[in-house]
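Structure at a glance
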Amino acid sequence: MSDNRDNIMEEQIRNSVEAIPSSLSPELLEKRLASMTLQEKYARSMSQDIPTEDIKVGGKGKDKAGNKSSAKKIVIPVLVAAGVLLVAGLGLGIGLVRKANVNTEDAVESSQMNNINTTKKVNLFFDKEETDNYEMAYNYLKDFKKYQEEQMYVDYEDYAVEETADAESANESAANPSQGATLTTSGAAAKSEGESFTDTNVRTEGVAEADIIKTDGKYIYEYDSYTEHLYFYSVADGKITKEGSVNVLEDDYYFKEMYIYGDKLVLLGTNYDNSYYGSYYGTDNRTFVAIYDISDKGEPELVDTMEQSGSYDDSRMVNGILYTFSRKSFDLDQLKKKKYETYIPDVDGELIENDDLYVQKDIYNGEFEVISSIDVDKASYIDRMAILAGSDTMYVSENNIYLTDYVYDWTSFSYGDDTKIIKISYKDGELGYETKAKLPGYLNDDYSIDEYNGYLRAVTTYRDSNWTQYNALYVFDENLDKVSVIKKMAEGETIRSARFMGETAYFVTFRNTDPLFAVDLSDPENPEITDYLKIPGFSAYLHPYGDGKLLGVGYDTDSTGWSNCIKLTMFDINDPYDIKEENTEILYNYQAASVLNNRNAFMFNKEDGTFGFSVNAEGYYYLEEDWFKEEYEDEYDAIIENYDEDKEGAYYLVMNYDEKKGFQFKMDEKIGDEDDASYGGSVMNDTRGIVIGDYIYIVQSGGGIKSYDTTDYDLVDECD
């Protein structure tokens, strides 16, 4: 197909009005463009187009001085040459290679990028194999370094592109180097010898996420990041006994979170280096995985430690297989083409192999996303890969990993407004690069993207050519080919939360009011907005609540959009064509909630419909201000009646919902030290609620455990 396109374009060039200048020949232009660095591409993007207001193809035109213009003589060959370059993708495509196949972009890129599997990189001017991912990574990082060096002082309006040669590159040899995942009732009761317990709230049911507090129904495990200790508590009928602890500080790791799998505890974190004062961006940072045998809770035993390049980013666990993600950057001043360790990440001391390395183009990011899979029972690696560049948002379905980047579009020599998506399959630890795509705009979080019955659905906020802000919903097939789209929704607003529930999508946009949209996705090729509801404030987290109900947790706002306090809303979604605000509860005393920072902090017990999370009371310091009284004239009396000026610091709330009575408070309990009000935010974020049988255990990382019965919510026991 590429040969045919070449012939067509060459024939058009031959038959044009003027012979194309030799400087614009496809061969020379492709060679020049392929060698452009990122800053040169950017400079080109800022250049002005040839003035066309006085140009008429086949007619006469004049320049600004009134002289006859010769533009007509060159415009056709120039446009034809430009067409050749666009069709060729500017010769800048970088093949992505996995195992025996090279995944490469189509030469013609439409509204999304689609990949084909082939053993050869297709180029419209030349056919050549490009399987050396090490070399591509090296060249990309060299260009990235040069752009970083020059962007701080370049005047992009006057920037002149200079020819440069990389002597090092010239002299050195090439390197040789399903269904059910969407309706998440995570935190729903699990079973342990007949007694139910709530587990960590997660994005995708069946895909476990790490957290600072864990339980298996018999024991509660707590990680205290301040003292670097693991604590083990046995719990039964509300009674709490500390069984043991492990000091992990001596291991010189900065751990973050953990998993419990059978009699194994898996702890994950980062060992920070000294560059950037040991920050997240240190180039020598290492992600560590420590696996403990916790058969004996009194004396846990360290089984093994494993590590990989970069700072710990995230992780998931499925059926005892741990998938670990880290972000690796390199010291760009130390790049040496033959010293692969200066630009290739490693897993457990072994460099990522050439065929397991993938280079994205035009991401404007100097980081790798390093992915490994570990069999926890065997404490052994199964597979590994690395992608240049990293990811802004990661979504893991039951079958695939999606990495997304909100990026500049360097291929068009202009600023872009796109999100690129990479699809990676996983099964029993085996990782496989599948394909990629792009869509306009950016994702709010991983709830804004969802896989269902082989289709990927996503909602984004984007700007059109006039820079007007809108929202859109996209549907892609399993190859990430675009199937359908709904655009120009909610002008001027941004997506604040989303929840895909089977064949229906719900999402909230916000500027000054809170529209909840419902979209019918039963026919992926023809999605339909069925209804939308506008109410004050906005919901920043949505959670399914039984049949026909959707719980929203967010903020109450004033007419300017200023967030005042936490708000709960129960939506009636029985009829997607007629969604209703069934009930709203404004928590005037609380201005922050843990669930809005971290979904893992949300407790939902489907056994009785109770839900809980921690909140923080910061105080309404402007209650007596005239502007506040005027803004809330109709609600002011209710605010004063419900506001408790003595509340300050962190509290744990437990509620349920009754269709007739609305939201019912079961617990509103102070957590943390009474004298520790100034640290209410950290106490709020580090506290979890766990229901085991008829008792709820409120666990504060580093602050011990308290248990309460779930009948009257009276204190039963506590343990430091």
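Further up the page is the structure itself.
A brief structural summary. (Residues numbered from 1 in each chain as written. Predicted model: local features only at pLDDT ≥ 70, side-chain atom pairs only at ≥ 80, totals over all residues. Heavy atoms only, no water.)

Considerations on the environment of D199
- Within the element layout of this structure, D199 appears in the loop between β5 (195–198) and β6 (213–215).
- On the basis of relative accessible area, D199 is assigned to the partly exposed category, the value being 36%.
- As a C-alpha pair, D199 and G689 span 490 residues in sequence and 9.7 Å in three-dimensional space. (Helix = DSSP H or I, 4+ residues; strand = E, 2+ residues; numbered from the N terminus. Buried < 20%, exposed > 50% of the residue type's maximum accessible area, 1.4 Å probe, protein only.)

Quick notes on the sheet that holds strand β19 (residues 368–375)
- Judged by pairing direction, the sheet is mixed, and its five strands sit side by side in the order β14-β15-β19-β20-β18 without closing on themselves. Looking at the sheet topology across the chains shown, the edges are occupied by β14 (311–318) and β18 (357–359). Neighbour-to-neighbour, the strand axes of this sheet turn through a mean angle of 15°, independent of strand direction. (Pairing = 2+ DSSP bridges. Axes fitted to C-alpha atoms, helices over the stretch in contact; angles between N-to-C directions.)

Brief notes about the sheet that holds strand β8 (residues 229–236)
- Pairing in this open sheet of four strands is antiparallel, and the strands run β6-β7-β8-β9 from one edge to the other. The open sheet has two free edges, formed respectively by β6 and β9 (239–247), since each of these has just one partner strand. The average undirected angle you get between the axes of adjacent strands in this sheet is 20°.
- Pairing analysis gives eight bridges linking β8 to β9, with the strands arranged antiparallel. Paired with S234 across the bridge in β9 is T241.

Comments concerning the packing of aromatic side chains
- Enumeration over the complete set of coordinates arrives at 25 aromatic pairs.
- One aromatic cluster in this structure is built from Y447, Y541, Y545, F602, F604, F611, F613, Y657 and F663.
- For R384, the ring lying beneath its charged end belongs to Y381, and the centroid distance is 5.2 Å.
- If you follow K647 out to its NZ or CZ, it ends over the ring of Y651, 4.8 Å from the centre. (Phe/Tyr/Trp six-rings, centres within 6.5 Å; stacked < 30°, edge-to-face > 60°. Lys NZ or Arg CZ within 6 Å of the ring centre and 35° of its normal.)

Comments concerning the pairing of strand β21 (residues 393–396)
- Burial along β21 is two-sided: the face carrying T393 and Y395 and the face carrying M394 and V396 are both buried.
- Pairing of β21 with strand β22 (residues 400–407), which is carried by four bridges, proceeds in the antiparallel orientation. If you follow M394 over to β22, its bridge partner there is L403.
- Where β21 folds back onto β22 in an antiparallel hairpin, the turn is made up of three residues.

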